[in-house]
Amino acid sequence: MAIVKPVRKAVLPAAGFGTRFLPVTKAIPKELLPIVDVPVIQINVEECVASGIRDLILITSRGKDALIDYFDRGAELEELLERKGKRADLEMIRRLTDLAHISAIRQAEARGLGHAVLCARGLVVDEPFAVLLGDDLVEADPPAIRQLLDVYAKYGKGVVALWEVPSGQEHLYGIVDGESVGGGVFRLHNLVEKPEPGKAPSRLSIVGRYVLPPEIFPILANTKPGQGGEIQLTDALATLCASDGLYGVRLRGERFDAGDRTGYVLAVLRYALRRSDIGAAVRAGAEKLLRKT
Ligand code: G1P
């Protein structure tokens, strides 16, 4: 095991317009879209907490203050629930605010994921940190970010999460080139953001989970706009990979691309089916619907 600094902070980029989910994202941040009754962002926050990270930095933008309100104390609502004797609801709301320490920074311009992560530099300073993208929901035990932290503890280098995508879907993701070192772990040679069809070095895509050393910040500051005219985190990671080394780990669990309409519906269905309160009723209802469709 390498001697590594503990990872205490996580960055949650949530500044995007959510154009893949219009029209609803015209008024509601996509990170607040509910998976049954829990917003996507809360599932990310709970993943961090379950992985031992409680210091969280949200990167937001204009029009997305509802995200900050969500984790803030709602004194009036608490009073109302108290008065009505709704203890269970009151505890649920209070637990939410006590879950983690959350700070927020605004990304003033939409300049890409790499730029969004760079916005957290002043709060992360010189520590290693995790990054979680809300579009990727991973149902896993141990949680996805914990799986990366374990690889980071072993090798002492940055780690990205990997998932094999079906042939033909490589252009939708960052794709890596690497060699297996066993146990689902890869030493990476290169990373390419959304390669053109036929040019992907493998079918191993980057899932939105990263553990990064603070050395990524000066690299990001010098990274020129890439794919889509945006500052890409993947491009900075390719530079880090060449200078410092970088690992990838294939996630164990179930991955949902909740930023995609079909993936979102499947995520809602999966979470609903696994709930003890509504799971059985949803299963019966869904089976009935499927027979009719
Ligand atoms: C981002 C990253 C990409 C990664 C993907 C995972 O892309 O840039 O490398 O594969 O997340 O969800 P986006 O989906 O934001 O376009």
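Refer to the preceding data block for the structure.
The text that follows walks through the structure, step by step, so that each part is easy to find. (Residues numbered from 1 in each chain as written. Predicted model: local features only at pLDDT ≥ 70, side-chain atom pairs only at ≥ 80, totals over all residues. Heavy atoms only, no water.)

1. A few points about the overall build of the chain
Stated formally: Only DSSP runs of H or I with at least four residues qualify as helices, and only runs of E with at least two residues qualify as strands; both kinds are numbered from the N terminus onward. Throughout, radius of gyration means the C-alpha value; the globule benchmark is 2.2 Å times the number of residues raised to the power 0.38. To sort residues, take the accessible area from a 1.4 Å probe on protein chains only and compare it with the maximum for the residue type: under 20% means buried, over 50% means exposed, and anything in between is partly exposed. Residue contacts are counted whenever heavy atoms from the two residues lie within 4.5 Å of one another. Areas reported as accessible are Shrake-Rupley estimates using a 1.4 Å probe. Residue values count occlusion only from the protein chains shown. For this count, His and the chain ends are skipped, Lys and Arg are scored as positive, and Asp and Glu as negative. We put the charge of a Lys on NZ, of an Arg on CZ, of an Asp on CG and of a Glu on CD.
Along the chain, the regular secondary structure elements total 11 helices and 13 strands. For 293 residues, the compact-globule estimate of 2.2 N^0.38 gives 19 Å, and the chain sits close to it at 20 Å. Across the 293 residues of the chain, 44% fall into the buried class. Taking as baseline every contact in the chain between residues at least 6 positions apart, the subset at least 24 positions apart corresponds to 77%. Surface accessibility of the chain: about 14,900 Å² in total, with carbon and sulfur atoms responsible for 53%. Each charge sign in the chain was given a centre, from 39 positive and 38 negative side chains, and these centres are 2 Å apart.

2. Topic: the nonpolar core
What tends to happen in soluble globular proteins is that the nonpolar side chains get buried as a cluster. We count it as follows: Residues belong to one nonpolar core when they are buried, are Ala, Val, Leu, Ile, Met, Phe, Trp, Tyr or Cys, and are joined through side-chain atoms within 4.5 Å.
Ranked by size, the top nonpolar core spans 33 residues in total, and within it A10, L12, I41, V45, I53, L56 and L148 carry the most contacts. In terms of residue count, the dominant contributor to this core is helix α7 (residues 144-155) (six residues). Apart from the residues within four sequence positions on either side, A10 is in contact with C48, I53, D55, L56, I57, A130 and L132.

3. What to know about helix α9 (residues 233-243)
L233, T234, A236, L237, A238, L240 and C241 are the residues of α9 that are buried. The secondary structure elements touched by the buried residues of α9 are α5 (113-118), β8 (158-164), β10 (185-193), β11 (204-212), α8 (216-221) and β12 (246-250).

4. Topic: the site of the ligand
Definition in use: One heavy atom within 4 Å of a molecule or strand is enough for the residue carrying it to be called near that molecule or strand. Polar contact is the term for a pair of N or O atoms within 3.5 Å; when the atoms are in protein, one must be able to donate a hydrogen and the other to accept it, and sequence-neighboring residues count only if both atoms are side-chain atoms.
All residues adjacent to the ligand are L113, L133, D136, Y173, G174, E193, K194, I206, G208, Q232, T234 and R255. One nitrogen or oxygen atom from the main chain of G174 is found 3.0 Å from an oxygen atom belonging to the ligand. Within the contact set of the ligand, an oxygen atom lies 3.2 Å away from a side-chain nitrogen or oxygen of T234. Relative to its unbound accessible surface of 380 Å², the ligand loses 81% to contact with the protein.

5. Description of the packing of aromatic side chains
Formally: We call Phe, Tyr and Trp rings a pair once their centres come within 6.5 Å, taking the six-membered ring for Trp, and we label the pair stacked below 30 degrees between planes, edge-to-face above 60, and tilted otherwise. The rule for a charge over a ring is simple: NZ of Lys or CZ of Arg within 6 Å of the ring centre, and within 35 degrees of the ring normal.
This structure, assessed with the given rule, holds four aromatic pairs. A ring pair is formed by Y70 and F71, whose centres lie 5.1 Å apart and whose planes are at 85°; its orientation type is edge-to-face. According to the relative accessible area criterion, F71 is buried, its value standing at 8%. Ring centres of Y155 and Y247 lie 4.2 Å apart, and the angle between their planes is 20°; on these two criteria the pair is classed as stacked. Placement of the pair is Y155 in helix α7 and Y247 in strand β12, with a sequence separation of 92 residues. The exposure class of Y247 is buried, given its relative accessible area of 10%. Sitting over the face of the ring of F21, R261 holds its NZ or CZ atom 5.8 Å from the ring centroid.

6. Quick look at the packing of helix α3 (residues 75-83) against helix α4 (residues 87-98)
What counts, and what does not: For helices, the fitted axis covers only the stretch in contact; all axes are lines through C-alpha atoms, and the angles between them, taken along N-to-C directions, range from 0 to 180 degrees. To sort the angles, those under 35 degrees are grouped as roughly parallel, those over 145 as roughly antiparallel, those from 65 to 115 as roughly perpendicular, and the leftovers as oblique. Helix crossings are classified by the rotation of the near helix relative to the far one: an anticlockwise turn of less than a right angle makes the crossing left-handed, while a clockwise turn makes it right-handed. Under this grouping Gly is polar, as are all residues other than the nonpolar Ala, Val, Leu, Ile, Met, Phe, Trp, Tyr, Cys and Pro and the charged Asp, Glu, Lys and Arg.
At their nearest, the axes of α3 and α4 sit 8 Å apart, and the two run at 155° to each other. Looking at the two axes, α3 sits roughly antiparallel to α4. As for how α3 packs across α4, the hand of that crossing is left-handed. Packed against α3, whose contacting residues are L77, E78, L81 and E82, the element α4 presents R87, D89, L90, I93 and R94 at the interface. Classifying every residue of the contact of α3 with α4 by side-chain character gives four nonpolar, no polar and five charged.

7. Considering the side chain of T223
By secondary structure assignment, the location of T223 is in the loop between α8 and α9. According to the relative accessible area criterion, T223 is buried, its value standing at 13%. Separated by 2.7 Å, the side chain of T223 and the backbone oxygen of I219 make a polar contact. Other than its neighbours up to four places away in sequence, T223 contacts I231, Q232, D235 and A236.

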